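# Secondary and tertiary structure notes
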Amino acid sequence: MADTGRRAQLAASLDEVRERIARACTAAGRDPSEVTLVAVTKTYPADDVRLLAGLGVTDVGENKDQEASGKAAELSDLPLRWHFVGQLQRNKARSVVTYAEVVESVDSRRLARALDGAAGRHRDRPLDVLVQVSLDGDLARGGAVPGGIEAERDLWQVADAVAGSAHLRLGGVMTVAPPSWHPDLAFEKLAEVRARLLSGHPDATVVSAGMSGDLESAIVHGATHVRIGTSLLGMRNKLR
Ligand SMILES: *Cc1c(COP(=O)(O)O)cnc(C)c1O
C-alpha cells in the first residue's frame, strides 16, 4: 500500500527540485529538457522509488550493489533507468551489469575491463559508462585524474579504454565536487575536462554533476544530469 502522506511529501519535494532546475536553466539560458534528474535513492526503501516513478521520475541512482540489486529486482515491473554512482569493486561487475543501464563511477582501466567482460556475458546491449573525474586528486574518494601519474587511474587512458571496449559505450564524465572547493570552481574545471574529452570522443556528451547542495552551479557549468538525494527524499541517517 502506497502511503499517501509520503506520496504528497515526495510530490512536493520533487516539484521544488524541478523548480530549482528550471530556474537554474533559465538563468543559464538553457532549456530544462537538457537536464535529466537522477533521483539518488540510497538508504530509502523501494516503496519510495515506486512513488517517485509514479510521479514521473525515470532515472534513479544507487551507490551500493547489494542494496541496488534488491530494489531493482523488486521494481522490475517499472521502466526505470538505474544508474550506479558509487565506488565499485570489480567482483561486483557481474551483478551491476544485470540491472544498471549506466555506471557513472568508472575510474580505472581494470574496472572498465571487468565491466566490459561482464557486459559481454550478461547483457544483450552495451552498458553506458561515465568516467568519474577526481578534480583534487584525492583517489580515496574515487575518480580518475586528468594527467594522472598512475596510468591505471589516468582519466584519458580510462576514457580510451572504455571507448575501445566492445560492450561499453563512453557516455561522458561524472564528478562529485571536492567538499572543500567552491562548486563553481569544481564545475568550471569539470567543463574544461569535458571539452578536452569531447575533442577526442565527440559522442561523450554527458556531464553528471550537481547534487542537492550545488545543482545550480552545476547547471550553469553545463551539467546534463544532476544526482539528487537529500532534497528529494530527506536527510539520510548514515553518512554515506
Ligand atoms: C549520495 C550521492 C548523491 C546525492 O547527494 P545529495 O547531496 O543527497 O543530493 C549524488 N551523487 C553521489 C555519487 C552520491 O553518492
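Structure: above.
Scope of this entry: the structure provided in the associated data block.

What counts, and at which threshold
- The numbering scheme is per chain: residues are counted from 1 as the chain's sequence reads.
- Residue-level local features of this predicted model are given only where pLDDT is at least 70; pairs of side-chain atoms are given and counted only at 80 or more, and the full residue set underlies all totals for whole chains, interfaces and linings.
- The side-chain figures draw on all heavy atoms in the structure; neither hydrogens nor water molecules are used.
- Basic side-chain nitrogens of Lys or Arg form a salt bridge, by our definition, when they fall within 4 Å of a carboxyl oxygen of Asp or Glu.
- Counting from the N terminus, the helices are the DSSP runs of H or I reaching at least four residues and the strands are the DSSP runs of E reaching at least two.
- Note on exposure labels: buried denotes an accessible area under 20% of the residue type's maximum, exposed denotes more than 50%, and partly exposed covers the range between, all computed with a 1.4 Å probe on protein chains only.
- The crossover handedness rule: strands pointing away from the viewer, path from first strand over the helix to second strand clockwise, crossover right-handed.
- Only strands joined by at least two bridges in the DSSP assignment are considered to pair.
- Summary of the distance rule: residues count as near a molecule or strand when at least one heavy atom falls within 4 Å of that molecule or strand.
- Between N or O atoms, a polar contact is any pair within 3.5 Å; within protein, one atom must be a potential hydrogen donor and the other a potential acceptor, and residues adjacent in sequence are included only when both atoms are from side chains.
- Calculation of accessible area relied on Shrake-Rupley with a 1.4 Å probe; when residues are assessed, cover is drawn exclusively from the protein chains displayed.
- Gly falls in the polar group here, along with every residue not listed as nonpolar (Ala, Val, Leu, Ile, Met, Phe, Trp, Tyr, Cys, Pro) or charged (Asp, Glu, Lys, Arg).

### Quick word on the pattern of salt bridges
With the rule as written, the count across this model stands at 16 salt bridges. Between R123 and E101 there is a salt bridge, with the nearest N and O atoms lying 3.5 Å from each other. In this pair, R123 is assigned in the loop between α5 (109-122) and β5 (127-132) and E101 in strand β4 (residues 100-106), connecting sequence segments 22 residues apart. By the burial criterion, R123 is buried, and E101 matches it. Note that E152 is salt-bridged to R109, the shortest N-O span being 3.5 Å. A residue pair is termed long-range when its members are at least 10 positions apart, and E152 in the loop between β5 and α6 (155-163) and R109 in helix α5 qualify at 43 residues. Within the structure, one salt-bridge network assembled from shared partners comprises D59, R81, D128 and R169.

### Quick notes on the pairing of β5
For β5, the buried fraction is high: six of the six residues fall into the buried class. Neither face of β5 is left uncovered, since the one carrying L127, V129 and V131 and the one carrying D128, L130 and Q132 both have all their residues buried. Read as a crossover between parallel neighbours, the route from β4 over α5 to β5 is right-handed. With six bridges connecting them, β5 and strand β6 (residues 168-174) associate as parallel partners. Bridged to D128 within β6 is R169.

### Re the site of the ligand
Lining the immediate surroundings of the ligand are V40, K42, V85, V176, M211, S212, R227, I228, G229, T230 and R236. Taking G229, its main chain carries an N or O atom lying 2.8 Å from an oxygen atom of the ligand. Expressed as a share of its isolated accessible area of 390 Å², the protein-covered part of the ligand is 88%. A per-class count over the shell around the ligand returns five nonpolar, three polar and three charged.

### Brief notes about unusual backbone geometry
Backbone geometry places T43, a non-glycine residue, at a positive phi of 75°. Checked against the element boundaries, T43 lands in the loop between β1 (36-40) and α2 (46-54).

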